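Here's the letter readout for the chains.
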Amino acid sequence: MSQPAITINGIHKHFGTLHALKGIDLTIEPGEFFALLGPNGAGKSTLINILAGLIAPDSGSVSVMGCDVGSQYQQARQLLGVVPQELVFDPFFNVREMLRFQAGYFGRGSENDAWVDEILEGLGLADKANTNMRRLSGGMKRRALIAQALAHKPPVIVLDEPTAGVDVELRQMLWEFIKKLNRDGHTIILTTHYLEEAETLCSRVGMMKHGQIVALDSTANLLNKFSGKHLRLTLGNVLLPANVEALVRHAEDGVYTFALDDMAQIEFVLSGLRSANIKVLDMQLNEADLEDVFLSLVGNSAQTNSAKGAK
Amino acid sequence: MNNLQFSNQPVSAFRGPWTLLKKELLRFWRVAFQTVAAPVITALLYLLIFSHVLESHVQVYDGVPYTAFLIPGLIMMSVLQNAFANSSSSLIQSKVMGNIVFILLTPLTHMQFFLAFLIAAIIRGLVVGLCIYLVAMWFVDLHAANPWLIIAFALLGSALLGTFGIIAGIWADRFDQMAAFQNFIIMPLTFLSGVFYSIHSLPPFWQKLSQLNPFFYMIDGFRYGFFGKGDVSPMFSLFVVGSAFLVLALITLKMLKSGYKLRS
């Protein structure tokens, strides 16, 4: 029986008085395309840094394909490729040199060149292979960063916000390449702020809030659990009647999203607004998506704050 | 896992540290004008000015012209400064730019990390020293009384400063902290080590103080290799420099193993 790609048991981490991770347990199977979601400060990057060996946990254990990231760090790191969130690069070398160096650190030499060429081709970097990292555009640097994480052909790939600040075309191209890697058997772990990406790409989702995993299920199951309609009304800065406000899931810049269990509640909301003399400027009715799941699980405080701020 | 064949592929244990060493060597060689040519020119300017001003006024050892006395000191000073600069600047740049993460994510051990940065620092120090020696040969015909001592002090001295550079690179978080390290520690210790004079020409208090400076032993021992004479016994100097290297190497390895300032 094959080992889980990632096993995380009871991870705690403190930064001074901040309890950043509060006993995380998580298992990711080989070949999964897994999304780790959560608002800023939820602990996603801390968890990924522990997995990568960049931060030591206070307690608990993490292993990659059965290799402990502390006691068997050499084996664990061979199995793991991590794309850091920050756009970092070495200005002394060109793209191909950097990829060869990166593969070399993992003990791979010229026999790995075919794979390096495959990565360059797959990420649209082939014509930039001999260009110095300094001369690449932001999007190209992002591709090179992903290429570096893949240079030693790791079976488990962690992408920490890989599409942050990336244009739509490049994002599509990156995802096609990552999907191909997943089809080829690589396990993919992704953190992203683009929830539609997680919904489209990932078979399973973990949602974090305040250092804890608050939801962990297949994407389909999460969407089923939170099925229903969402009514988005543009109302401007208004004071909602209390019975209508109870249905608000999210409010921002005068746009209110109401979570409805059935269609009859539409009339309830509209009549409540009419009686309060509030005009509807625009109206949309949507099915629940991962963003709604996300907001209902981790965004309550943000939603309340923004709703209050809109009044 | 259909197309993947990764887990059982044998990988070379030596290729990782060798790659890091190669990268560190290429890093300074790509900017050789700044990392090799500039220190050589600086050392030659010192040589021209000091030898011109002091040649007829100062004689440190009997039968040794001042210019000849000066050259080994200048060579060693440049070896030490450049060994320090190589490891310290590489690390601080990688930390500030964030690309150190590419090394931290790899299976390289703390010993392999240390050796790669150390050997690169030694090589840069020796390349600069050799260039100065070759150019200085135009001015003075310098004979080596004891070549093994020259090699031993050049290797140990550059290793000591290369290690010190690793410590500084790990410790410093900003370029100004590194500059302070260089300006307030390395530079005074180098200039007060007897590069330009023999400590016997100093008042007793300053002689005693100079003997607490490890740089003095590196310069004096290296010079002993050329002239067969020095301010202290070369074996004692070798012991001091070797011991200092061992102590700093152990501190550096401990820092790297614990992940001090590199892995939080």
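Everything numeric here is computed off the predicted structure, so don't read it as measured data. (Residues numbered from 1 in each chain as written. Chains lettered and ligands numbered in written order. Predicted model: local features only at pLDDT ≥ 70, side-chain atom pairs only at ≥ 80, totals over all residues.)

S.K.: How do you make sense of the overall build of chain B when you look at a structure like this?
M.R.: When you go through chain B residue by residue, the secondary structure sums to 10 helices and 0 strands. The secondary structure elements of chain B, listed N-terminal to C-terminal, are α-α-α-α-α-α-α-α-α-α. The principal-axis extents of the C-alpha atoms in chain B amount to approximately 80 × 35 × 35 Å. Of all 264 residues assigned to chain B, the portion counted as buried reaches 46%. Residue pairs in contact within chain B that sit at least 24 positions apart in sequence constitute 83% of those at least 6 positions apart. (Helix = DSSP H or I, 4+ residues; strand = E, 2+ residues; numbered from the N terminus. Buried ≥ 20, exposed ≤ 12 C-beta atoms within 10 Å, placed from the backbone. Contact = placed C-beta atoms within 7 Å.)

S.K.: Looking at this structure, how should I read the overall build of chain A?
M.R.: Summing up its helical and strand segments, chain A has 12 helices and 14 strands in all. Dimensions of chain A along its principal axes, counting C-alpha atoms only, are 75 × 45 × 40 Å. Expressed as a percentage of contacts within chain A between residues at least 6 apart in sequence, the contacts between residues at least 24 apart total 69%.

S.K.: I would appreciate a short explanation of the interface of chain A and chain B in the present structure.
M.R.: It is common to give the size of an interface as the accessible area lost on bringing the parts into contact. With 32 residues of chain A in contact, the opposing surface of chain B contributes 30 residues. Elements represented by at least two residues in the side of chain A that touches chain B include exactly helix H2 (73–78) and helix H3 (95–105) of chain A. When the residues that make up the side of chain A that touches chain B are grouped by side-chain class, the tally is 15 nonpolar, 11 polar and 6 charged. (Nonpolar A, V, L, I, M, F, W, Y, C, P; charged D, E, K, R; others polar.)

S.K.: Would you mind going over the pairing of strand E13 (residues 255–260) of chain A with me for this structure?
M.R.: Two faces make up the sheet, and in a regular strand the side chains alternate between them. All names here are of chain A. Bridging between strand E11 (residues 229–234) and E13 involves 6 bridges; their strand directions are antiparallel. Bridging across to E13, Thr234 finds its partner in Val255. Across 4 bridges, strand E12 (residues 248–252) lies against E13 in antiparallel orientation. Bridge pairing in E13 places Val248 opposite Phe258. (Pairing = 2+ DSSP bridges.)

S.K.: It is not clear to me how the pairing of strand E14 (residues 282–287) of chain A should be interpreted in this structure. Could you clarify?
M.R.: Residue and element names in this part refer to chain A. The element E14 is largely exposed, with a buried count of 0 among its 6 residues. Sheet analysis places E11 next to E14, joined by 6 bridges and oriented antiparallel. Directly across from Thr234, in E14, lies its bridge partner Asp282.

S.K.: Quick question: what am I supposed to make of the domain arrangement of chain A here?
M.R.: Residue and element names in this part refer to chain A. Here chain A is partitioned into domain 1 (6–223) and domain 2 (226–310). One C-alpha centre belongs to domain 1, the other to domain 2; they are set 36 Å apart. With 14 residues of domain 1 at the contact, the number on the domain 2 side is 12 residues. Counting only elements with at least two residues in the side of domain 1 that touches domain 2, the list comes to helix H7 (195–201), strand E9 (204–209), strand E10 (212–218) and helix H8 (219–225). Of the residues assigned to the side of domain 1 that touches domain 2, the class counts are 10 nonpolar, 2 polar and 2 charged. (Domains from an automatic or database assignment.)

S.K.: Help me understand the confidence of the model for chain A in this model?
M.R.: Parts of the prediction with low pLDDT should not have their coordinates interpreted in detail. Residues and elements named next belong to chain A. Summary statistics for chain A give a mean pLDDT of 88 and a share of 95% for residues scoring 70 or more. When mean pLDDT is compared element by element in chain A, strand E4 (residues 59–64) scores highest at 97, while helix H12 (residues 300–310) scores lowest at 39. Of the regions scoring below 50 in pLDDT, residues 301–311 engages in 13 contacts with residues more than four places distant in sequence or in other chains. (pLDDT = per-residue confidence, 0-100.)

S.K.: I would appreciate a short explanation of the confidence of the model for chain B in the present structure.
M.R.: Predicted confidence across chain B gives a mean pLDDT of 91, with 94% of residues reaching 70 or more. Overall fold confidence (pTM) sits at 0.86, and the ipTM for the predicted complex is 0.90.

S.K.: Got a minute to help me understand the packing of H3 of chain A against helix H5 (residues 138–150) of chain A in this structure?
M.R.: Helix-helix packing is described using two parameters, namely the angle between the two axes and the distance between the axes. Residues and elements named next belong to chain A. Here H3 crosses H5 at 25 degrees, and the two axes come no closer than 8 Å. In terms of their interaxial angle, H3 and H5 are classed as roughly parallel. For the pair H3 and H5, the sense of crossing is right-handed. Side by side, H3 and H5 meet where Val95, Met98, Leu99 and Gln102 of the first sit next to Ala144, Ala147 and Gln148 of the second. In the contact of H3 with H5, the residues fall into 5 nonpolar, 2 polar and no charged. (Axes fitted to C-alpha atoms, helices over the stretch in contact; angles between N-to-C directions. Parallel < 35°, antiparallel > 145°, perpendicular 65-115°, else oblique. Left-handed = near helix turned anticlockwise from the far one by under 90°.)

S.K.: Explain helix H7 (residues 175–191) of chain B to me, please; I cannot follow it from the model alone.
M.R.: The α-helix advances 3.6 residues per turn, and as a result positions three or four apart in sequence lie on the same side. Residues and elements named next belong to chain B. Here H7 contains 17 residues, and its C-alpha end-to-end distance of 22 Å stays within 8% of the 24 Å for a straight helix at 1.5 Å per residue. Restricting attention to buried positions, one finds in H7 the residues Met178, Phe181, Ile186 and Thr190. Here the buried face of H7 lies against helix H3 (66–97), helix H6 (147–171) and helix H9 (214–227). (Expected span 1.5 Å × (residues − 1).)

S.K.: How should the nonpolar core be read in this particular structure?
M.R.: All names here are of chain A. Counting 148 residues, the largest nonpolar core has Ala147 and Val158 as its most contacted members. Here this core spans two domains, since at least three of its residues come from each of domain 1 (6–223) and domain 2 (226–310). Filtering out sequence-adjacent residues up to four positions away, Val158 remains in contact with Ile48, Leu51, Ala52, Leu80, Val82, Val83 and Ile189. Grouped together as the second largest cluster of nonpolar side chains are 8 residues, Leu231, Tyr256, Phe258 and Val269 included. (Core = buried A, V, L, I, M, F, W, Y, C linked by C-beta atoms within 7 Å.)

S.K.: Any chance you could explain the sheet that holds strand E5 (residues 67–68) of chain A here in plain terms?
M.R.: Across a sheet, strands are paired by hydrogen bonds formed along the backbone, either parallel or antiparallel in direction. Residue and element names in this part refer to chain A. Spatial ordering of the open sheet is given by E2-E1-E4-E5, a layout of 4 strands whose pairing is antiparallel. Strand pairing shows two members of the sheet lacking a second neighbour, strand E2 (18–28) and E5, which therefore form its edges. As defined by bridge partners, strand E1 (residues 6–15) adjoins E2 across 8 bridges and the pair is classed as antiparallel. Bridged to Phe15 within E2 is Leu18. Packing against the sheet, helix H1 (residues 44–52) makes contact with E1, E2 and E4, and its axis sits at approximately 115 degrees to E1.

S.K.: Explain the packing of helix H2 (residues 32–54) of chain B against helix H5 (residues 110–136) of chain B here, please?
M.R.: Residues and elements named next belong to chain B. Taken N-terminus to C-terminus, the directions of H2 and H5 make an angle of 45 degrees; their axes are 9 Å apart at the nearest point. The angle between H2 and H5 falls in the class oblique. The handedness of the crossing between H2 and H5 comes out as right-handed. Of the residues in H5, those touching H2 at Thr35, Val36, Pro39, Val40, Ala43, Leu44 and Leu47 are Arg124, Val127, Val128, Cys131, Ile132, Val135 and Ala136. Its residues placed into classes, the contact of H2 with H5 shows 12 nonpolar, 1 polar and 1 charged.

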